Amino acid sequence: MQVLEAAVAANPWPLRRERAAELAERYPHAAEMLRLYHALTIVQEAAFRAASPQNIASFAAEHILPGIIDATIEAGPRALRDGVIAWYASESMEDIIQRWLDQQPLNPFETYLARASASPLLEAVSPSPARGGGQGGGLSLQCPACGGLPQLSYFAVSGEALVSGPRYLVCSRCATNWVFSRMTCAGCGESTGPKLPIFQEHERLPHVRVDGCQTCRKYLLTFDLRRDTRAVPVVDEIAALPLDLYARDQGFTKITPNLMGN
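Cut-offs and rules
Residues numbered from 1 in each chain as written. Predicted model: local features only at pLDDT ≥ 70, side-chain atom pairs only at ≥ 80, totals over all residues. Heavy atoms only, no water. Helix = DSSP H or I, 4+ residues; strand = E, 2+ residues; numbered from the N terminus. Buried < 20%, exposed > 50% of the residue type's maximum accessible area, 1.4 Å probe, protein only. Contact = heavy atoms within 4.5 Å. Areas by Shrake-Rupley, 256 points an atom, 1.4 Å probe, with all protein chains shown as cover. Pairing = 2+ DSSP bridges. Core = buried A, V, L, I, M, F, W, Y, C linked by side-chain atoms within 4.5 Å. Axes fitted to C-alpha atoms, helices over the stretch in contact; angles between N-to-C directions. Parallel < 35°, antiparallel > 145°, perpendicular 65-115°, else oblique. Left-handed = near helix turned anticlockwise from the far one by under 90°. Nonpolar A, V, L, I, M, F, W, Y, C, P; charged D, E, K, R; others polar. Expected span 1.5 Å × (residues − 1). Arc of directions from axis to C-beta.

Across its full length, the chain holds nine helices and eight strands. Taking all 262 residues of the chain together, the buried fraction comes to 48%. A separation of at least 24 residues holds for 62% of the contacts in the chain among residues at least 6 apart in sequence. Total accessible area on the chain is roughly 12,400 Å²; 53% of this is exposed by carbon and sulfur atoms.

Okay, the side chain of Thr-184 next. When you line up the elements, Thr-184 lands in the loop between β4 (177-179) and β5 (198-200). Under the relative-accessibility criterion, Thr-184 is labelled buried at 9%. Setting aside chain neighbours within four positions, we find Thr-184 in contact with Leu-139, Arg-167, Gly-189, Glu-190, Ser-191 and Leu-196.

The next point concerns the pairing of strand β3 (residues 167-171). With five of five residues buried, β3 lies mostly within the body of the structure. By the alternation rule, side chains of β3 split into Arg-167, Leu-169 and Cys-171 and Tyr-168 and Val-170, which are all buried. Here strand β2 (residues 150-155) runs beside β3; their pairing, made up of five bridges, is antiparallel. Its bridge partner lying in β3, Pro-150 is registered against Cys-171. Pairing analysis gives three bridges linking β3 to β4, with the strands arranged antiparallel. From the neighbouring strand, Val-170 faces β4, where its bridge partner is Asn-177. Between β3 and β4, which pair antiparallel and follow one another directly, the connecting turn spans five residues, one of which, Ala-175, has a positive phi of 65 degrees.

Here we come to the nonpolar core. Soluble, globular proteins show a tendency: their nonpolar side chains are buried together. Leu-34, Leu-40, Ile-97, Leu-101, Tyr-112, Leu-113 and Leu-221 are the most contacted members of the largest nonpolar core, which totals 71 residues. With nine residues, the top contributor of residues to this core is helix α4 (residues 56-75). Beyond its immediate sequence surroundings of up to four residues, Leu-101 is in contact with Ile-56, Ala-57, Ala-118, Leu-122 and Arg-173.

The next thing to look at is the packing of helix α3 (residues 31-49) against α4. Across the interface, α3 lies against α4 with an axial gap of 9 Å and an inter-helix angle of 160 degrees. Considering their axes alone, α3 and α4 lie roughly antiparallel with respect to each other. Considering the relative orientation of α3 and α4, their crossing is right-handed. Contact with α3, carried on its side by Glu-32, Arg-35, Leu-36, Ala-39, Leu-40, Val-43, Gln-44 and Ala-47, involves Ile-64, Gly-67, Ile-68, Ala-71, Thr-72 and Ala-75 of α4 and no other residues of that element. In terms of residue class, the contact of α3 with α4 is built from nine nonpolar, three polar and two charged.

Glancing now at helix α2 (residues 13-26). Over its 14 residues, α2 runs 20 Å from end to end, which matches the ideal 20 Å to within 8%, given 1.5 Å per residue. The complete set of buried residues in α2 reads Trp-13, Arg-16, Arg-17, Arg-19, Ala-20, Leu-23 and Ala-24. One side of α2 holds all its buried residues, which, seen down the axis, span an arc of 165 degrees. The elements touched by buried residues of α2 are α3, α7 (108-125) and α8 (233-239).

On to the environment of Ala-21, then. With respect to the helices and strands, the residue Ala-21 is situated in helix α2. Residue Ala-21 is classed as partly exposed on the basis of its relative accessible area, which comes to 38%. It is 8.6 Å that separates the C-alpha atoms of Ala-21 and Ala-31, two residues lying 10 residues apart in sequence.

Structural data, given as structure tokens:
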């Protein structure tokens, strides 16, 4: 198991690609986006394995973005394809990616292209895939490696029967994992139980739940790896669109939309 975990940490993309193909067959409602994600991982893996550039924005714009655009045009939904083509013809690619790196606001198409191009580089240069202390967790609402906001959270497998693993947050920018308190809002730090509603769909997505907060009206998805040991949270989140839609119907806003904008 330790050998497998080390291999995944060294190159997480093959496992993500395998999971995307598996879930595309299982969940028709998310198949198109999962096939797009599958195509993107080929480009992103090459970026991840490349030498660490000194200028991420310049390297991403020149060497990675063209492949991201090709994959999107080939496998993406029509609205995304059209938006990407229009953006590519009218904007400075390097400037947009630099603005994303600086956490400045962008439109959805700009965010998609900048994130898809630059995030594999940030992940490659991140000091460690996992950070944090014991099960008690911490209260850092931002990534300790790059300062990004969390994308999602998950409960790890503890390795001991009847013992819950720690809760981790996953950075939306560099994919660093860090330990976080189990019953605390990852958006504002609220820890009062009645203000932290949980929504779950037990039949189709038994290992996924919505963790909401009535104080800041934010939410993220949490994945329980004990319930599905094959789950890859950053991929499974794409298939969990019904839970995203339900959370929005309840008036919550996601802390950070995923790469596909959900």
